[in-house]
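Examining the three-dimensional arrangement
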Amino acid sequence: ADYRLSDVNVTDTTCGHCAVGCRFDLYTKDGEVLGARPTDPEKAPVNGISTCVKGKFTYSYVDDEDRLTEPLVKENGEFREASWDEALDRVVEGLGDIIDEYGPDALGLIASSKATNEDNYVMQRFAREVLGTNNIDNCNRLCHAATVEGLAATLGFGAASTGLEALEETDCYLLTGSNITEAHPVFATRVKQNVAEGAELIVFDPRKIQAAEYADQFTRVEPGYDTTWINGMIRYIIEEDLHDEKFIEERVDGFEKVKESVQQFTPEFVEKKAGVPPEELKSAAETIANADSCMFGWALGLAEHTHGTDNIYAIANLALITGHVGDSKSGLAPFRGQNNVQGGGGDMGPLPNNFPGYQSATDDENRAKFADYWDMDIEDMPDEEGYRLTEMFLAADDGDLKGMFVQGENPTVSEPNIDHAQKVLEDLEFLAVQDIFLTRTAEHADVVLPATSTVESNGTYTSSSRHVQLVKRAIEPKGNTKPDWAITKALAQRFGYEWEYETASDIMNEISDLTPIYGGVSHERLENGEELQWPVWDEDHPGTPYLYDEKFLTDEGDELAHMHVAEGIDPAELPDEQFPLVMTTGRVLYQYHTGTLTFREEGLTEGYTGESFVEIHPDTAAEYGVSEGEYVTLTSRHGTAEMKAAVTERPSPGEVFTPMHYFKGGANNLTKEEPLDPPSKTAEYKVTNVQLTAEGQP
Ligand code: SF4
């Protein structure tokens, strides 16, 4: 329809689709979202006037006929609509019965990295204060948990050390395990621009992704051997005396043990294991070591492994020995996935080991601080770390976890081995799900609570670059939906707890009181146009564009970075005669995570991304007799899936690639729920051995 500009409402807000953190104006009229357009670039520090296809066009889900608008309760295996009173009472009864019979640690809560910081803060308070358990986690466990573990132990914070200057002005990028043009398109534009102006781009990846086309060097690596080639670079740099001795001497602990540990990673060993030709290893190492500044960018290709934390130790070690941390144009930049996984998935503490702001949940001083603020008896504050998300599914399988409360997550598509995940959810004694759609996860629930979507919510998201940014209600909530935090508050009230929040801003005030890195964040400052990147230590502090310029902030408290030895181990499973191919996984531009939102957008599902597919190299396709567009079957040691073939030179001949977004024919029909990366408990999504059969059904 055509509207006059004067007839529409304009709301400047933050994108709800990925962690780049684009801001734009949403145009709405009579409760309908008409579209997004650039806002004043001053209000959009990350993206200026750029946005990608998802931020611009993905809004028809808001009015989708399947949108949940009333609470649902299950009766005789069927859902029926219920009042809020009835649905909330059922949740309190379901959770309460499990606490009474088995204790609070028989419950698991999954918070949402799509929801606001305020929603997530309240959810972790609900777990700890009301239910009495640290069994709370979120989808960060399925993606960058290894990054958080590795960076926190080495540098201080489990977050990007860089701000935007490094992204836009560095002299050199090492990009690995990141399909940046599809997963973080607006970041990719920045990188491409800087490369056009002379910055060096080095891409190490198993697939010839689009960024490889404009890179100065593209090197294919074997999936699962990242520690091997990074350790090989470290060895070569030290051997050639290209390391930054002054930086190491003044700011780093652990150099000698790392130097010794990388001795076996000779160029020949690296070539044999990781498939990296020695001359390519050396030229990349020289470029990085000789550059005045360098940004190390990665995504799940490094993190989603059974040795993901080792990969992060390795890349952090590489950055440290070359002195490329702690200046404005250098640093370590994990590209986060969900819109608010940095803030809601980490900073706000819906984590089994940390209160908000990465304050240990088992430290007695911290426990006392939170107990005091919440006016609760310290004895009632849980004192042991809870289950990580992946462990919740294993514990439920073992009969130790009896009930779950899932807020805005869809583990029946996103967990490794979704057959296993579905069985676990089906067998729970009680499951409540809070979402905006009846997802495949919600189908298993006893009660479903309808929440507001991003365009109907107020609060903040925190971007990949640690920008805390306002999300604003652009239209009134649909039907009988409520903001996530308001639902949690209503549940707490039924358990006998009176929380005084009336607005999301009230919640942020509590967050800033209790969370030093958010100490000076308030909605008022953000409304006034301040650009705040945490840490924001107090209300006069301007925020921190990049980290560690003077000191590192690890638990050791000595202001040094602490290098950790990264073991170069093989992936958890290796190809054999029966399962000769390696399947790796990732994202596509037009879809977002489990597709709850984007599959509802016709424009995004046209063409090949409307269903699952597998990329197969032409040589492999010829060997197996597969043609473009035919259906094939992949079978792993853990499951089977049928999908369409896309014949392309992006993967190498021994490998195939399947996107992560799909349930039917999707990658997680084939992945495995264990073993897990020991420090982070992340599963192996990136290396699954499969056999391919040239027959399959749509
Ligand atoms: Fe939204 Fe990410 Fe696209 Fe920006 S790059 S518009 S934050 S989906």
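Cut-offs and rules
- Going along each chain's sequence as written, the residues are numbered from 1 onward.
- For a predicted model such as this one, the threshold for reporting local features is a pLDDT of at least 70, and the threshold for listing and counting side-chain atom pairs is 80 or more; totals across whole chains, interfaces and linings nevertheless cover every residue.
- The term nonpolar core refers to a set of buried Ala, Val, Leu, Ile, Met, Phe, Trp, Tyr and Cys residues connected through C-beta atoms within 7 Å.
- Each residue is classified by how many other C-beta atoms fall within 10 Å of its C-beta atom, where C-beta atoms are placed from the backbone; a count of 20 or more means buried, 12 or fewer means exposed, and values in between mean partly exposed.
- Each helix is a run of H or I in the DSSP string that is no shorter than four residues. Each strand is a run of E no shorter than two, and both are numbered from the N terminus.
- Residue pairs qualify as contacts under a 7 Å threshold applied to their C-beta atoms, which are placed from the backbone.
- UniProt positions are given in the numbering used here, feature names are shortened, and annotations may be inferred rather than shown by experiment.
- We count a residue as near a molecule or strand when its backbone-placed C-beta atom lies within 6 Å of that partner.
- Asp, Glu, Lys and Arg are counted as charged, while Ala, Val, Leu, Ile, Met, Phe, Trp, Tyr, Cys and Pro are counted as nonpolar; the rest, among them Gly, fall into the polar class.
- The source of the domain bounds is an automatic or database domain assignment.
- For two strands to pair, DSSP has to find at least two bridges joining them.
- Orientation is described by axes fitted as lines to C-alpha atoms, over the contacting stretch for helices, and by angles from 0 to 180 degrees between their N-to-C directions.

**Topic: the nonpolar core**
Residues W229, M233 and I315 are the most contacted members of the largest nonpolar core, which totals 174 residues. Take this core: its biggest share by element is 9 residues, from helix α15 (residues 308–321). In contact with I315, other than residues within four places in its own chain, are I230, F296, W298, L302 and L332. Grouped together as the second largest cluster of nonpolar side chains are 21 residues, V582, M583, A667 and V687 included.

**A closer look at the UniProt feature "domain: 4Fe-4S Mo/W bis-MGD-type" (unreviewed entry) in the protein chain**
In the numbering used here, UniProt assigns the "domain: 4Fe-4S Mo/W bis-MGD-type" (unreviewed entry) feature to residues 8–66. A distance of 26 Å separates the end C-alpha atoms of residues 8–66, which is 8% helix and 32% strand.

**Here we look at the site of the ligand**
The environment of the ligand is made up of 13 residues, and the closest members are C15, C18, C22, C52 and G55. Broken down by secondary-structure element, the contributors of at least two residues to the shell around the ligand are α1 (53–57) and α7 (185–196). Class assignment for the residues of the shell around the ligand results in 7 nonpolar, 5 polar and 1 charged.

**Things to note about the domain arrangement of the protein chain**
It is common to report an interface's size as the accessible area lost on association of the parts. Split by domain assignment, the protein chain resolves into domain 1 (5–63), domain 2 (72–140 + 340–452 + 475–518), domain 3 (145–334) and domain 4 (581–693). Distance from the C-alpha centre of domain 2 to the C-alpha centre of domain 3: 36 Å. Grouping the amino acids of the side of domain 2 that touches domain 3 by side-chain chemistry returns 1 nonpolar, 3 polar and no charged.

**Some points on unusual backbone geometry**
The omega torsion across W534 and P535 is 0 degrees, close enough to zero to call that bond cis. The residue P535 is located in the loop between β21 (532–533) and β22 (561–562) in this model. The amide bond that connects E674 to the next residue, P675, takes the cis arrangement and shows omega of 10 degrees. With respect to the element layout, P675 can be found in the loop between β27 (655–659) and β28 (688–693).

**Looking at the pairing of strand β24 (residues 613–616)**
Here β24 shows two buried faces, one formed by F613 and E615 and the other by V614 and I616. Here β24 pairs with strand β26 (residues 640–647) via 4 bridges, running parallel. When the bridges of β26 are listed, I616 appears paired with V647.

**Digging into the sheet that holds strand β12 (residues 295–298)**
Strand pairs in the sheet, formed through backbone hydrogen bonds, run parallel or antiparallel to each other. Read from one edge to the other, the open sheet built from 5 strands follows the order β10-β9-β8-β12-β13, with strand pairing classed as parallel. The open sheet has two free edges, formed respectively by β10 (217–220) and β13 (331–334), since each of these has just one partner strand. Averaged over all neighbouring strand pairs, the angle between strand axes comes to 15 degrees, with direction disregarded. As paired strands, strand β9 (residues 200–205) and β10 are joined by 4 bridges and run parallel to one another. In the strand pairing of β10, I202 is matched with Q217. Packed onto the sheet, helix α13 (residues 278–290) meets β8 (172–176), β9 and β10 and runs at close to 135 degrees relative to β10.

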